[in-house]
Each structure stands twice: as structure tokens, then as C-alpha cells.
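For reference, the chains in residue letters:
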Amino acid sequence: MGDPVQLKDEGNKHFQAGDIDKAIECYSSAIKVCPDKKMLAVIYRNRSACYLKKVSHFFIKKNGTKLGKLDMAFKDVQRCATLEPKNRTFLETLRRLGAEIQAKTTFSTDSRVQNMFDILLDEEMGKENKEKAANNLIVLAREDAGAERIFQNNGVPLLLNLIATGKPEMILAAVRTLSGMCTGHKARAMAILHMVGVDKLCSVMAIDDEEIALAACNLFQCINDSLTGGDKREYGKEEALVLDASKDLKTILLSLLEMVASKKVSGHGRDQALNLLSKNVPRKIRKEKDNSRTLFTIDHGLKKILKVCGQVPELPDQLPLTENTQLIASVLLNKLYDDLTCDPERANFKDICEEYIKSKIDPKDMDKTIHAVNTISGLLQGPFDVGNALVGHQGIMEMMVALCGSERDVDQMVAVEALIHSSSKMSRASFFITNGVSLLKDIYKKTKNERIKIRALVGLCKLGSAGGDDYSLRQFAEGSTEKLAKQCRKWLCNPQIDTKTRKWAIEGLAYLTNDADVKDDFVEDELALKAMFELAKSKDKTILYAVACTLINCTNSYDKKEIIPELVQLAKFSKQHVPEQHPKDKKDFIEQRVKRLLKAGVTSALAVMVKADNSILTDGFGISFFYFRVFLALSENPRDRGTIVAEGGGKALIPLALEGTEAGKVKASHALAKIASISNPEIAFPGERVYEVIRPLVSLLHTDRDGKQNYEALRGLTNLAGFSEKLRVKIVKESALPDIESYMFEQHDQLRQAATECMCNLVTCKEVQERFLQDGNDRLKLLVLLCGEDDEGLQTAAAGALAMLTAVQKKLCTKLTTVTLQWLEILQRLCLHHNPQIQHRGIVIVYNMLNSDDSELAKKLIESEMLEILSVIGKAEDSPKRQEALDAARTCLVKAMDLGLIKPFTNTS
């Protein structure tokens, strides 16, 4: 054993004398006996320098922190180079090591890629190893360097071999890996598209496997995004010539349109083809003038989409469909029609639809005729004006009524559905009330087929609710709608009836719950509510719209026009109709309904609906906007927000607030702000999700938002800012400070207080302190003046902010005296305040000023009435309510004595 310091010094002498071997021997001996980590690091560094002198590459590697790790040896030498930046030996070794690490990494990646493929294509390899290799390949493909290595190492043909196995797990791994390789790289995406082929990709998406179809859809989307602007690389002059993607995009579009009406395509594949068309054909920004993709799709594919709408699954020789296919097709039709810019384009769309319908109507072939009727139903659920115009054509309505009397169940079912969809407008509903109620009643009573019976009932429900929530426009006799609703609830709660049929019961309730009596009865039926929530979790996403409508009605969260009494009187005088509110649509009834919904588990149901949502359906029908409204209504009462958080409502709201329409994001952000304002962020938004909440809240501070939204956002940010430094930094990075400061100038008392409280929680952040230190602004002056306001809540927040600022930034203590002549008077008022919290904050500010290293300021304070104030407070008897203020005053007096500004009082004997 020896002394490590002595051994190190001996090593240094040998190194300086040029005896490197002796130096290494001394350093190695010192390493064995040195207990001090700092000294050990120095000795290791010295030994590395010795090895470098010998230019012994082997020993450099060995001297790394982990044996055989080039990157660790690189770090050791890097430390040496930092100490001696002009040492050429160090710099040369760093360069050589860097090159070797790069070569080793490349070789390692290449061998790993090949190894993964070997495992995946080995028939005898175990399932667990294959899954691990597949996941590793997918992860590697998501990184640009990894994706390029796979591509360069014959990866695409090997991935095609995986697809050729026909095994679902192999196909999924291959498709997901291709998606990663195509993301954000135009040249590579184009090369892969040509190597794989559009037809091959379509055949994969056509497989009857929901997961594979979705993965293939994602691959198409990645390719489309890369070819249309997702790649930000600079390709230079060759880009226009080499990377012209227009032909490829056209080929993809035509192939997707072929898939729409092909019998070889599965229902899941057809859904994804329609989804891709919905997402990529219509213009995303209406200001763009080019709608040529839409016009091309209408000319080459409109009839194919209409064919999907017209399918009747109960008939033979139909296209494979899922529960969602026809509704997705209707959404696509609606988006295409909305994307048209002029009357001639719309006339062409209508002409193609009319021509298609006429070609299918054949009195001698009922199957073709009901196909035409079902196509009209699809149009009525999409571009309603087009469907409505077709219904108005001579003979169409008569044909639908005649089909209701057919002996075939399928004819009746299709006709009744068409009648239901065509009565969406009040004028047409009035026509049916006069002419169709008896027909639907007759079908309801006579048919033994439950599926037809429930559709006839929904038709009656829809006609009964034609007046909306206007109590004066009830279409049926008193009590009739309640009877219809009772039957709907009965069907809804019957598990022996299939999901598609029970869905129609929710459709009926979606109409009937316009009636407040029906709403009240429904929310009291907990079994019916839970049955509806369970159905909402099923694979059939077409249910979501009806569920969302029902919840909107039950919570009264739809838009209501403001009723101006003067206009009501004027309308009555001119004998115009004036809507009447149902007595049970008043606030106290709504609150009771919300409580019953929460008790039945509406929040967890909404969370599942949001998570398992089909964005194409929700965007097309505005379902996500309904979710926002329901969440807002549920979170209205602060006492209910804990329940919402406990059932995952906070987490469900985050994606709604970040995506979708602008109006929808505002509603979701408002609901999010209500929850964030009173909840523990760790519970409401666990993990990293809490950082995603800040941006939606900051967006509500914009002046375009209403006062309630501004207020709730400020309260939410205040709560988050008080939670952690990371959240405070995130709020600052989201540029929230200018808006918060502007609200501190607001005339509205609540907004001003909320903004000041938020600032109080943010002042511990360095960036905020620097803003107060800057010259040429009134930030500090405003804070001082707010301390002098009469509102205690405002005073508490402002004084708290000032106390923290003066504690951490001594310069602000001096600056405080220059911003307003009233500073001393305001400070004295704080110290004399009857509220113990405000008084304590005021005295802390005084202490900070005494402790600011500004002797003139301290002297000025003590020479003022402040000394008498502090003395009176300090001499008072201890009191639990004011103990903090008493202790702070005594600390100020001790500080003044330490500064020699006052002397301790001594009794003379």
C-alpha cells in the first residue's frame, strides 16, 4: 500500500522526464489505493495521457470506463483534449477514434438489420423472438438513419418477403416498417412506392383484417404526406425533374377509387380506402383555389361511392361492408360536395347522382329499386340538399311509400329508413305527419320483424320531435312521446337483440330527448343509460352520433339564441310564433340530470368514445364538437369536476383541445381549464400529459375569447404554475406572459385578480424576474399600485408577488421606490392591514428592503413611521392567527439593529 498523492506526484515526475512506462506504473498503483473520486479522475486522465504518448490504441480502449467500449475511451481522450486543446496527439487520436466509432456503429446497424430479417424469416424461430425482432425493426425504421440503413441493405425486398408469408404478424411488421421508412423523406417514399407497387399496397389493404387494413392506410398516408410536402429537405435543381410526384399521386387516387367498389376488397379495406379519400381529396384550406382533385374524383369515382351507399347487406351478391362503411361513404360524399366552388360544379354532381338513381330504378327488379332507395338514404345522410332534391322528384316519394307496403321485409326496412332520413327538415316532417304517421303506425303494429318494427318506431320518434325543444310545437298528443321513449328504452336494455337493431333505439331517443319530459325519464333509468354507454364502446362507430345527440339534449348543451324580451313582445304583437321553454328545461332540472348522468358513468363512456373514435366520422358529422359541449356542461358545477377527473375526463379532453375545428378546440380548452383550475395536476393529467394542457389554456387568453374563458384559463394556469418550475417555464415558453400582464390592467375585477394571482405564482421563474428588472415598462409600478387596492384578494396576490420578487432580486427593492411616490404609504398600509396574510406579505417586503444592501433605503425606511409600525407589531402578544406577521416584524427589528440603525432598549437599574 502507498500514499496515492505521493504515487501520483512520482508518476508526474516520470512523465515529465519522459519515462512513460514508470509513470504508468505509478498511476496504476495510485488508482488501486485512491479513495477520493476527484483525485481518481485526475489519475485516470494522467494515465490516459501516458497511453497516448505511447500511441497505444489498444490501451486507450482498455482505459475506457467500460472495457472494450470505444465511445467511453473517446470521452476519456476528449477530457484530455479539453485540458490541453493544442495537443496534436490528443486531437489526432480523437479524430481516429471518432472514425472508428462511426464505422463500428454502421457495421453494427447493418448486421442488426440483417439479423432481424433472418429471425423473422426463420420458420423454426420462436414467436417471442420474432415479435421482438419485428418491434426492433419498426423502431429502427422510425429514425431517419435507421430507415436509410434498412433501405440501403436490401430492406424493401426482404420486407416484401415478409408480406409474402401471408402471416398477419409478419405483414403488420413489414407494413409498419415501410411506414417509418416513408415518413418525411420524399425520395425514399417514391422509391419504395415504385419498388413495392401501388397494386401490391392496395392488395394488402384489401385483406380482411382490421389491424392490417389500418396499418396499410397509415402507410399510404405517410407516402402521400411525404410526396405532398411532408419532406422539408432541399434537393436542389433536380427536384422538379427527378421528384415529380404528380403521376404517382394520380395512380394512388385511381387505385383507391377502384378499391371502393371492388368485390375483392374486404369491408375494413373499403373503410380505409374511403377514409384516405376523405382525408386527402377535398381541400384542407378553403382559401386554396385548386379543387381539381375533388373534380377528378367526382368524374371518375362518384358512381362507385354511390354504389357503396346503395348496398343492402340482406340481399345476395353485395359488397363486403363493416357497420361503418356506408356512413363513411356518406361523409365522403358530403365533403366532396362541400368542396365544390360554383353552381355548374354542384349541378354536375347532382346530375351524376340523378343519372345513377334513374339507372337503378326498375319496377321489374325490386333488388335494383331498393338499391336506388338506399343510395338516396346515403345522400340524405351526406349532402342533404342533393338527397332532398332527389326525393322531391316525381315518383320517388310514392315509390318509397309503396315499398313500405311490400311483402318483403327487406323492402320495408330500406323504405322506412329512407323515410326517416328524408324527414330531417321541418317542412318535410310536417308533410309526413299529415301523410305518413298512419303508415308507420300500421307497419309498427303489423310487422313481426323486430328490425322493421324498431325502424318504424324511430320514424315516429323523429316525426314526434320535429318541433325540437319548442314546447309549443309538440307534434303528438300529450304523453305520446313518453310512450315512444319507453319502448325505445325497453329495446335498448334487451341484450338478446343485436347491436345494429339496438342502435336504432338510441336513434329514437336522440330525437325524443328534445322533449324535457323524455329527458327526465331517461336519466332516471340507470339501466338504460348504462346500456347506451356500453353500446357506445362497440365497434359500430355509427352509434356515436346518436349517443352524442342524446347527451347534448339531456344536458341542454346545444346553442340557444338569446331571448330579448322586447323582441318577444314585438313578435306576439305581430302574431309571429314565439318559441316556448319547457318547464323542465330550467337550470335546476338540468343540474339534476347532469348529476344522474355522472352517477351512471357518463365520463368514462365519453373517455372511451374519444379514445376509440373514428376521426373521419366525427369530423364529418361534428361528433367531436358534441363531446366538447357535453364535457363543458358536465364540468359546470365545480363540485362535479372531481368525478370527471376520477373517471379519466381530464385525459380525454387533451386530444380534443389540441385537434379538430377551431370552435371545437375552444370548447374543449374551456372544459379543460375548468378542470385544471381546481384539480391536482398529478391526478387529473398524469405523467407528461400535464405539459400538453398548457397550450390550450394559453389559447383561451386571446382577446377574441369571452370573459368566462379568459377567467377559467387564468385560474387553470395559476394552479399549474403553483405546481412545479417545469410547468412555469412551459407557460413562459408558450408566450403567455404578455396576455397575463394585459389582464392585470383589466377593469373587470375578477379577471384582474385572476391574472395577478397567476403572475404571483410565476415570479419565481427567472425569465419573469428579468421582465420586472427591465427598464422602460410599468410592470413593477402596476404591482405596487395593485397592493394599494381595496380588494383583499387582489392585494394578497400583488403583495405576494412583490414579496417574492424583492426576496430574489435585490435590485427591485431600490427600483420599487422609484416607480411611484406612493410606495411608502402603500407599504405602511400593507403592514397595518387587518388581514394577517396581507400584513405578513407587507412586512416581508420591508425585510427584503432592509436586507437589500442599500444602506440609504434601509435608513429611509427606519426614519419613517415604519419603525413605529414594526415596533408596535413586534411588541404584541403572540397570537396563532398573526404569528407569521409578528415573527416577521421582530426579524425586521433585529435586522435594523444589525445594520446599526436602531439600538436595543435597555432598562437602567
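Here is what the cut-offs are and how they apply
- Residues numbered from 1 in each chain as written.
- Predicted model: local features only at pLDDT ≥ 70, side-chain atom pairs only at ≥ 80, totals over all residues.
- Heavy atoms only, no water.
- UniProt positions renumbered as here; feature names shortened; annotations may be inferred.
- Helix = DSSP H or I, 4+ residues; strand = E, 2+ residues; numbered from the N terminus.
- Buried < 20%, exposed > 50% of the residue type's maximum accessible area, 1.4 Å probe, protein only.
- Contact = heavy atoms within 4.5 Å.
- Areas by Shrake-Rupley, 256 points an atom, 1.4 Å probe, with all protein chains shown as cover.
- Expected span 1.5 Å × (residues − 1).
- Phe/Tyr/Trp six-rings, centres within 6.5 Å; stacked < 30°, edge-to-face > 60°.
- Salt bridge = Lys/Arg side-chain N within 4 Å of Asp/Glu carboxyl O.
- Lys, Arg positive; Asp, Glu negative; His and termini not counted.
- Polar contact = N/O pair within 3.5 Å; in protein donor to acceptor, adjacent residues only side chain to side chain.

By the naming in an unreviewed UniProt entry, the chain goes by Unc-45 myosin chaperone B and is assigned to Takifugu rubripes. According to the UniProt record, the Subcellular location (unreviewed entry) comment for the chain is "Cytoplasm, Perinuclear region".

A. A look at the overall build of the chain. For the chain, the helix and strand inventory stands at 54 helices and zero strands. Burial statistics for the chain: of 909 residues in total, 51% are counted as buried. Within the chain, contacts between residues at least 6 apart in sequence are counted, and of these 69% link residues at least 24 apart. As presented, the chain carries roughly 44,600 Å² of accessible surface, and 51% of it is formed by carbon and sulfur atoms.

B. Structural detail: helix α2 (residues 20-33). Its 14 residues give α2 an end-to-end C-alpha distance of 20 Å, which sits within 8% of 20 Å, the value for a rise of 1.5 Å per residue. Listed as buried for α2 are I20, A23, I24, C26, Y27, A30, I31 and V33.

C. Quick look at the packing of aromatic side chains. Under the defined criterion, the tally for this structure stands at three aromatic pairs. With 6.4 Å between their ring centres and 90° between their planes, Y444 and W491 make a pair best called edge-to-face. On the criterion of sequence distance, the pair formed by Y444 in helix α25 (residues 437-446) and W491 in helix α27 (residues 480-492) is long-range, its members being 47 residues apart. Judged by relative accessible area, which is 22%, Y444 ranks as partly exposed. Taking relative accessible area as the criterion, W491 reaches 4% and is therefore assigned buried.

D. Structural view of the pattern of salt bridges. If you walk through the whole model with that rule in mind, you get 39 salt bridges. The salt bridge involving R715 is made with E712; its shortest N-O contact spans 4.0 Å. Taken as a pair, R715 and E712 lie in helix α42 (residues 707-721) at a separation of three residues, close to a single helical turn. Assessed through its relative accessible area of 29%, R715 is described here as partly exposed. Taking relative accessible area as the criterion, E712 reaches 10% and is therefore assigned buried. One continuous salt-bridge network, built from bridges that share partners, spans K519, D520, D585 and R593.

E. Focus on the UniProt feature "repeat: TPR" (unreviewed entry) in the chain. The residues that UniProt annotates with the feature "repeat: TPR" (unreviewed entry) are residues 4-37. Structurally, residues 4-37 is divided into 85% helix and 0% strand, and its ends, taken at the C-alpha atoms, are 12 Å apart.

F. Inspection of the side chain of D248 at higher detail. Tracing the chain through its elements places D248 in helix α15 (residues 246-260). In this structure D248 is buried but unpaired, with K247 as the nearest side chain of opposite charge at 8.9 Å. Engagement of the side chain of D248 in a polar contact is seen with the side chain of H194, the distance being 3.0 Å. Those residues in contact with D248, other than ones at most four positions away along the chain, are M190, L193, H194 and L227.

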